[in-house]
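Remarks on the overall topology
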Amino acid sequence: LESEKEIEALLCQFEKLGQIWLPITLSPDPLMLNAIFYGLLYQCQKLITNTESSKSLTAHSKVAMDIHSYLNDHFHENCSLRILSQKIHASPNHIRTVFQAEYGVSPYEYVLQKRIEEAKFLIAEQRTSFTDIAIQLGFCSQSHFNKLFKARVHCTPKEYQEQALKLYFNVL
């Protein structure tokens, strides 16, 4: 049963990769490609290791998987440690420690990465305003979104959109 969930999660990641592949081809970001590639390799290795091992999850792994699943489904909402602790039935400190040990980043950092990646996809699609993207992805304001986007992607959302447009028209 757990292996089926892991396979489903892996397939979901491949599907997500397909959804974001178009914007990547419009605006190739080597760091993003690297992150996706190594993330998928890591998930494949983890799946193989889990299948070959005893298949019994430690309590920490189960908590980490529950947190991960919740964050994937609710990254566009307020995902504070307090809210997570109510949903997962564990202390905020335990949630942060277990998640970071399992995934290498804090829950906040993971949510922020998910939001930025989704923002890049929506910006490249050019169907949604920056304000609507900020609201849709759970940022407290467009200026907060712009600040975090620029810190992570090293350009503003507008510059990212312009790069995507230039690349798109160069491909055509």
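One structure accompanies this document, and this report is about it. (Residues numbered from 1 in each chain as written. Predicted model: local features only at pLDDT ≥ 70, side-chain atom pairs only at ≥ 80, totals over all residues. Heavy atoms only, no water.)

Right, let's get into the overall build of the protein. Looking only at helices and strands, one finds nine helices and zero strands in the protein. Seen in sequence order, the protein has helices and strands lined up from the N terminus as α-α-α-α-α-α-α-α-α. By sequence separation, contacts in the protein at least 24 residues apart represent 59% of the contacts at least 6 residues apart. When the accessible surface of the protein is split by element, carbon and sulfur atoms take 58% of a total near 10500 Å². (Helix = DSSP H or I, 4+ residues; strand = E, 2+ residues; numbered from the N terminus. Contact = heavy atoms within 4.5 Å. Areas by Shrake-Rupley, 256 points an atom, 1.4 Å probe, with all protein chains shown as cover.)

Counted by the stated rule, this structure contains five aromatic pairs. For the ring pair Phe-99 and Tyr-103, a centre distance of 4.8 Å and an interplane angle of 35 degrees mean the geometry is tilted. Remark: Tyr-103 and Phe-99 occur in helix H5 (residues 92-103); sequence separation between them is four residues, near one turn of the helix. Neither residue differs from the other here; Phe-99 and Tyr-103 are each classed as buried. With a centroid separation of 5.7 Å and an interplanar angle of 55 degrees, the aromatic rings of Phe-145 and Phe-149 are classed as tilted. With Phe-145 and Phe-149 both in helix H8 (residues 142-153) and four residues apart, this pair spans about one turn of that helix. Phe-149 carries the same exposure label as Phe-145, and that label is buried. (Phe/Tyr/Trp six-rings, centres within 6.5 Å; stacked < 30°, edge-to-face > 60°. Buried < 20%, exposed > 50% of the residue type's maximum accessible area, 1.4 Å probe, protein only.)

As far as function goes, none of this settles anything; it's purely spatial.
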